[in-house]
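Residue strings, one per chain:
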Amino acid sequence: MSKIEANHVDFHYGQFHALKDISMSIGKHEVVAFIGPSGCGKSTFLRLFNRMNDLIPGTRLDGSITIDGRDIYDRSVNVDELRKNVGMVFQRPNPFPKSIYENVAYGLRVNGVRDEALIAERVEDSLRGAALWNEVKDKLRKSAYALSGGQQQRLCIARAMAVRPSVLLMDEPASALDPISTAKVEELIHDIKKDYTIVIVTHNMQQATRVSDKTAFFYLGQLIEYDRTTKIFTNPAREETQNYITGRFG
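Predicted, not measured: the structure shown is a model, and the values here were computed from it.

J.: I would appreciate a short explanation of the packing of aromatic side chains in the present structure.
T.: We describe a pair of aromatic rings using the distance from one ring centre to the other and the angle between the two ring planes. Within this structure, the stated rule accounts for 9 aromatic pairs. Between Phe45 and Phe218, the ring centres sit 5.7 Å apart and the planes meet at 50 degrees, which makes this aromatic pair tilted. Placement of Phe45 in helix α1 (residues 42-48) and of Phe218 in strand β9 (residues 214-219) is noted, with a sequence separation of 173 residues between them. The exposure class assigned to Phe45 is buried, which follows from its relative accessible area of 0%. Exposure remark for Phe218: the relative accessible area of 0% places this residue in the buried category.

Here it is as structure tokens:
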């Protein structure tokens, strides 16, 4: 059963035709990597899954995107509810100017959770899930800004996990991190995929091979090829994919 289905998606920023007739199916608990040169549409497509592009004036979507069989662009959809189910982790760590504890608790409080015992339990669970608990359990009341960049990014992942989404979107989550922190984030993706469907945009092709089950190659707003990651990187069907992964362009 697929978790996310995109059918004949076209997307415009004003007059610019950013995405052209993209169809794709993402299964439950799969990790899917989006690769392709800068400006090819992969981050734009990712942001359609939690309607982040709604915030940009003059955009238009044709086609449909469903999550768990429901069209997320249907008028009846509550966007706040959608974003609770579809968490987002950005390129640069963006902790709030609050304590480590309150960063993770934030989504719960915004969603009306008042039970402090439940919040405390969920904060610990999320920090454990993000492989950060042992590093921060004695300084939960300290500012999130006191953490290293890699720890801040794992904190942002914990914050996304705290409201129990079923999908996690990651837009180049390790591009601002050093190799050791990057390895920890990649390890984390492996550990949590049993609970989430994860879609990750990455410029790092080695990262795509390490973390993903399937890979989608985008070029000039089109989905050129989408297949098992091992096949994409060892025996791609399309010449454009071969040229990109061997460094001939992009």
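Here the narrative resumes.
J.: Looking at this structure, how should I read the packing of helix α3 (residues 100-110) against helix α6 (residues 149-162)?
T.: Angle between the axes and distance between the axes are the two parameters that describe a pair of packed helices. At a minimum axis separation of 7 Å, α3 and α6 run at an interaxial angle of 30 degrees. It follows that α3 is roughly parallel to α6 by the angle criterion. At the point where α3 passes α6, the crossing takes the right-handed sense. Here Ile100, Asn103, Val104 and Leu108 of α3 lie close against α6, whose contacting residues are Leu155, Ala158, Arg159 and Ala162. Looking at the contact of α3 with α6, its residues break down into 6 nonpolar, 1 polar and 1 charged.

Here is what the cut-offs are and how they apply
- Residues numbered from 1 in each chain as written.
- Predicted model: local features only at pLDDT ≥ 70, side-chain atom pairs only at ≥ 80, totals over all residues.
- Heavy atoms only, no water.
- Phe/Tyr/Trp six-rings, centres within 6.5 Å; stacked < 30°, edge-to-face > 60°.
- Helix = DSSP H or I, 4+ residues; strand = E, 2+ residues; numbered from the N terminus.
- Buried < 20%, exposed > 50% of the residue type's maximum accessible area, 1.4 Å probe, protein only.
- Axes fitted to C-alpha atoms, helices over the stretch in contact; angles between N-to-C directions.
- Parallel < 35°, antiparallel > 145°, perpendicular 65-115°, else oblique.
- Left-handed = near helix turned anticlockwise from the far one by under 90°.
- Contact = heavy atoms within 4.5 Å.
- Nonpolar A, V, L, I, M, F, W, Y, C, P; charged D, E, K, R; others polar.

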